[in-house]
Protein chains: 2
Amino acid sequence: MSPRKLEIFQTALSLMKSKGYANTTMRDIASAVNMEAASLYNHITSKEDLLAITCFDLANQFEKGILEVNDIYFDAKEKLRMAIEAHTQILTANLDASYVFLHEWRHLSADKLNEFKQRRDNYENGFIEILKLGENEGVFNEVDEKFVVITILSTLNATIEWYKPNGSLSPKQVAQKLSDFILNGLLNTKN
Amino acid sequence: MSPRKLEIFQTALSLMKSKGYANTTMRDIASAVNMEAASLYNHITSKEDLLAITCFDLANQFEKGILEVNDIYFDAKEKLRMAIEAHTQILTANLDASYVFLHEWRHLSADKLNEFKQRRDNYENGFIEILKLGENEGVFNEVDEKFVVITILSTLNATIEWYKPNGSLSPKQVAQKLSDFILNGLLNTKN
DNA sequence: CCTACCGATCGGTAGG
DNA sequence: CCTACCGATCGGTAGG
């Protein structure tokens, strides 16, 4: 991707994060990178492409993450911690893109929307495997896995609402906090 | 609100849930209620009004809930459980409206957007009070309250992604599951 | 990378 | 509640 194309993507994602996909016009993006709207089409093929490339690039990263985790680790608790860490690393390294990915995917055209939903389901199934393994090991509570996986992912994804890349917490530390909360809950068990 | 106006609101919210606010046109709404777009304006004043009324009606309900809970209960753990239950009751009783409230509030005009954000912050502060009380009592872990309140609310709000109003779980049972998960986490502590 | 422009569609109004 | 319509704006193309 050329520097100019990268600039267009980053600018577009930043605008879409604050105004939404539908309210971000090609003219908005163009003026933010100091060109005319028509000129954008020398770098990208359509507005939807900005969204689709962003969504599927992140989907690739998330899928790669869960596959590696399920390959490398064997213990359910460790698997879950590492899956949470992989997810958190991707989110925090791509804050604007993640925001668009999580909030604007509905604007994909029908074909791409179907593919997107299917790949999201696959990703959730990767977590469900870990939960089932942990239940079999007696390490996790018996739960409705679908409920818990949505709960866990919602918790992880909320990171983009409060995470400051220049703050005091590294992505790894964020992942640690998230894992601790998900595994142990809010109650103080030392009393 | 007249029956016809109610029908327009419910239809509009259902459309906005599946297509988003920006992609739902007045013509879409009109044809779904078998009238012309121009006729809608005999019942509502603008498209944004549909959004604004929905958002602020729910905001009122949420605020009323947390105020009552903080009034009636004294024990932090019970307060948290009851705040979770109030939140869950409102979500499950207004699934389409909640979806629009949670995903489309960004499309409010500047003035209303500011008011909305401020009231959301107030609501979060209601939960933060409970968390601080619980920490002082030694019942809750010492946490970063801002992190935890966003995590908790994300967990609660995810309910609208999987809850089926005609399924086997009552809103109260859902609230129980959510509270258990948030308080105790995923780990099986009986082993 | 720009000028010039198009067809489509939008939220909303006038007038009945 | 409808017909008729408007001004604005949109994503995108032609041609250079």
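Please read all numbers here as calculations on a predicted model, not as lab measurements.

Scoring rules and cut-offs
Residues numbered from 1 in each chain as written. Chains lettered and ligands numbered in written order. Predicted model: local features only at pLDDT ≥ 70, side-chain atom pairs only at ≥ 80, totals over all residues. Heavy atoms only, no water. Near = heavy atom within 4 Å. Polar contact = N/O pair within 3.5 Å; in protein donor to acceptor, adjacent residues only side chain to side chain. Axes fitted to C-alpha atoms, helices over the stretch in contact; angles between N-to-C directions. Helix = DSSP H or I, 4+ residues; strand = E, 2+ residues; numbered from the N terminus. Parallel < 35°, antiparallel > 145°, perpendicular 65-115°, else oblique. Left-handed = near helix turned anticlockwise from the far one by under 90°. Contact = heavy atoms within 4.5 Å. Buried area = accessible area lost by both parts, 1.4 Å probe. Salt bridge = Lys/Arg side-chain N within 4 Å of Asp/Glu carboxyl O. Nonpolar A, V, L, I, M, F, W, Y, C, P; charged D, E, K, R; others polar. Domains from an automatic or database assignment. Expected span 1.5 Å × (residues − 1). Buried < 20%, exposed > 50% of the residue type's maximum accessible area, 1.4 Å probe, protein only. Core = buried A, V, L, I, M, F, W, Y, C linked by side-chain atoms within 4.5 Å. 1 Å grid on protein atoms, 1.4 Å probe; cavity = no way out; pocket = protein on both sides within 12 Å on 5 of 7 lines; lining within 4 Å. Points joined across faces, edges and corners; volume = space filled by probe spheres on them. Phe/Tyr/Trp six-rings, centres within 6.5 Å; stacked < 30°, edge-to-face > 60°.

### Regarding the protein's contact with DNA strand D
- If you check the shell around DNA strand D, you find 15 residues, and the closest are Arg-27 of chain A together with Met-35, Glu-36, Ser-39 and Asn-42 of chain B.
- A share of 57% is what sugar and phosphate atoms reach among the atoms of DNA strand D within 4 Å of the protein.
- At 2.9 Å, a backbone N or O of Met-26 of chain A approaches a phosphate oxygen of DNA strand D.
- Contacts to DNA strand D include Arg-27 of chain A, whose side-chain N or O atom sits 2.8 Å from a base nitrogen.

### Quick notes on the packing of helix α10 (residues 171-184) of chain A against helix α8 (residues 145-157) of chain B
- Interhelical geometry of α10 of chain A versus α8 of chain B gives an angle of 55° and a closest axis separation of 12 Å. By the angle between their axes, α10 of chain A is oblique relative to α8 of chain B. Considering how the two elements wind past one another, α10 of chain A and α8 of chain B form a crossing that is right-handed. Where α10 of chain A abuts α8 of chain B, its residues Lys-177, Leu-178 and Phe-181 of chain A lie against Phe-147, Val-148, Thr-151 and Ile-152 of chain B.

### A short note on the interface of chain B and chain A
- On the side of chain A, 39 residues touch chain B, which itself brings 39 residues to the contact.
- Regarding the contact of chain B and chain A, the summed buried area is about 3500 Å², with carbon and sulfur atoms giving 63% of it.
- Interface area lost by chain B to chain A is led by Phe-147, Leu-186 and Leu-187 of chain B, which between them contribute 22%.
- In this structure, the connection of chain B to chain A is made through zero salt bridges.
- Put simply, chain B and chain A have 19 residue pairs in polar contact (both at pLDDT 80 or more) between them.
- Taken together, the elements giving at least two residues each to the side of chain B that touches chain A come down to α1 (3-19), α5 (76-93), α6 (95-104), α8, α9 (159-162) and α10 (171-184) of chain B.
- By residue number, the principal contributor to the side of chain B that touches chain A is α8 of chain B, which donates seven residues.
- Across the side of chain B that touches chain A, the residue classes tally to 19 nonpolar, 13 polar and seven charged.

### Observations regarding the domain arrangement of chain A
All names here are of chain A.
- Along its sequence, chain A is organised into domain 1 (1-44) and domain 2 (47-184).
- Look at where the C-alpha atoms of domain 1 and domain 2 centre, and you get two points 27 Å apart.
- Each partner contributes residues to the interface: domain 1 has 14 residues there, and domain 2 has 12 residues.
- Its largest share of buried area at the contact with domain 2, domain 1 owes to Leu-13, Lys-17 and Tyr-21, together 51% of the area lost on that side.
- There are one salt bridge connecting domain 1 and domain 2.
- There are four residue pairs in polar contact (both at pLDDT 80 or more) connecting domain 1 and domain 2.
- Where the side of domain 1 that touches domain 2 is concerned, the elements lending two or more residues are α1 (3-19) and α2 (26-32).
- Sorting elements by how many residues they give to the side of domain 1 that touches domain 2 places α1 first, with seven residues.
- A breakdown of the residues in the side of domain 1 that touches domain 2 according to their chemical character gives 10 nonpolar, three polar and one charged.

### Observations concerning the protein's contact with DNA strand C
- Neighbouring DNA strand C are 15 residues; Met-35, Glu-36, Ser-39 and Asn-42 of chain A together with Arg-27 of chain B lie closest to it.
- For DNA strand C, the fraction of protein-proximal atoms (within 4 Å) that sit in sugar or phosphate groups is 58%.
- At 3.3 Å, a side-chain N or O of Arg-4 of chain A approaches a phosphate oxygen of DNA strand C.
- Taking Asn-42 of chain A, its side chain carries an N or O atom lying 2.9 Å from a base nitrogen of DNA strand C.
- Among the secondary structure elements, those contributing two or more residues to the surface near DNA strand C are α3 (37-40) of chain A together with α2 (26-32) of chain B.
- Of the residues in the surface near DNA strand C, the class split is five nonpolar, six polar and four charged.

### Examining α10 of chain A
- With 14 residues, α10 of chain A should reach 20 Å at 1.5 Å per residue; the first-to-last C-alpha distance of 20 Å fits that figure.
- All of the buried residues along α10 of chain A are Val-174, Ala-175, Leu-178, Ser-179, Phe-181, Ile-182 and Leu-183 of chain A.
- Contacts from the buried residues of α10 of chain A go to α5 (76-93), α8 (145-157) and α9 (159-162) of chain A together with α8 and α10 of chain B.

### A closer look at the nonpolar core
- Counting 130 residues, the largest nonpolar core has Leu-80, Phe-140 and Ile-152 of chain A together with Leu-80, Phe-140 and Ile-152 of chain B as the members making the most contacts within it.
- If we skip the residues at most four places from it in the chain, Ile-152 of chain B touches Phe-181 and Leu-186 of chain A together with Leu-80, Leu-131 and Ile-182 of chain B.

### Points about the layout of surface pockets
All names here are of chain B.
- Volume-wise, the second largest pocket comes out at about 310 Å³.
- Around the second largest pocket, the lining is made up of 14 residues, and of these Phe-9, Gln-10, Leu-13, Asn-94 and Ala-97 lie nearest the centre.
- The set of elements that each furnish at least two residues to the lining of the second largest pocket consists of α1, α4 (47-72) and α6.
- Here the residues of the lining of the second largest pocket are counted per class, giving nine nonpolar, three polar and two charged.
- Of the domains in this structure, domain 1 (1-44) and domain 2 (47-184) are the two that each give at least three residues to the lining of the second largest pocket.

### Quick word on the packing of aromatic side chains
All names here are of chain A.
- Counted by the stated rule, this structure contains 18 aromatic pairs over all chains.
- Taking 5.4 Å as the distance between ring centres and 45° as the angle between the ring planes, the aromatic pair formed by Phe-62 and Phe-101 counts as tilted. Here Phe-62 is found in helix α4 (residues 47-72), whereas its partner Phe-101 is found in helix α6 (residues 95-104), with 39 residues between them in sequence.
- For Phe-62, a relative accessible area of 4% corresponds to the buried category.

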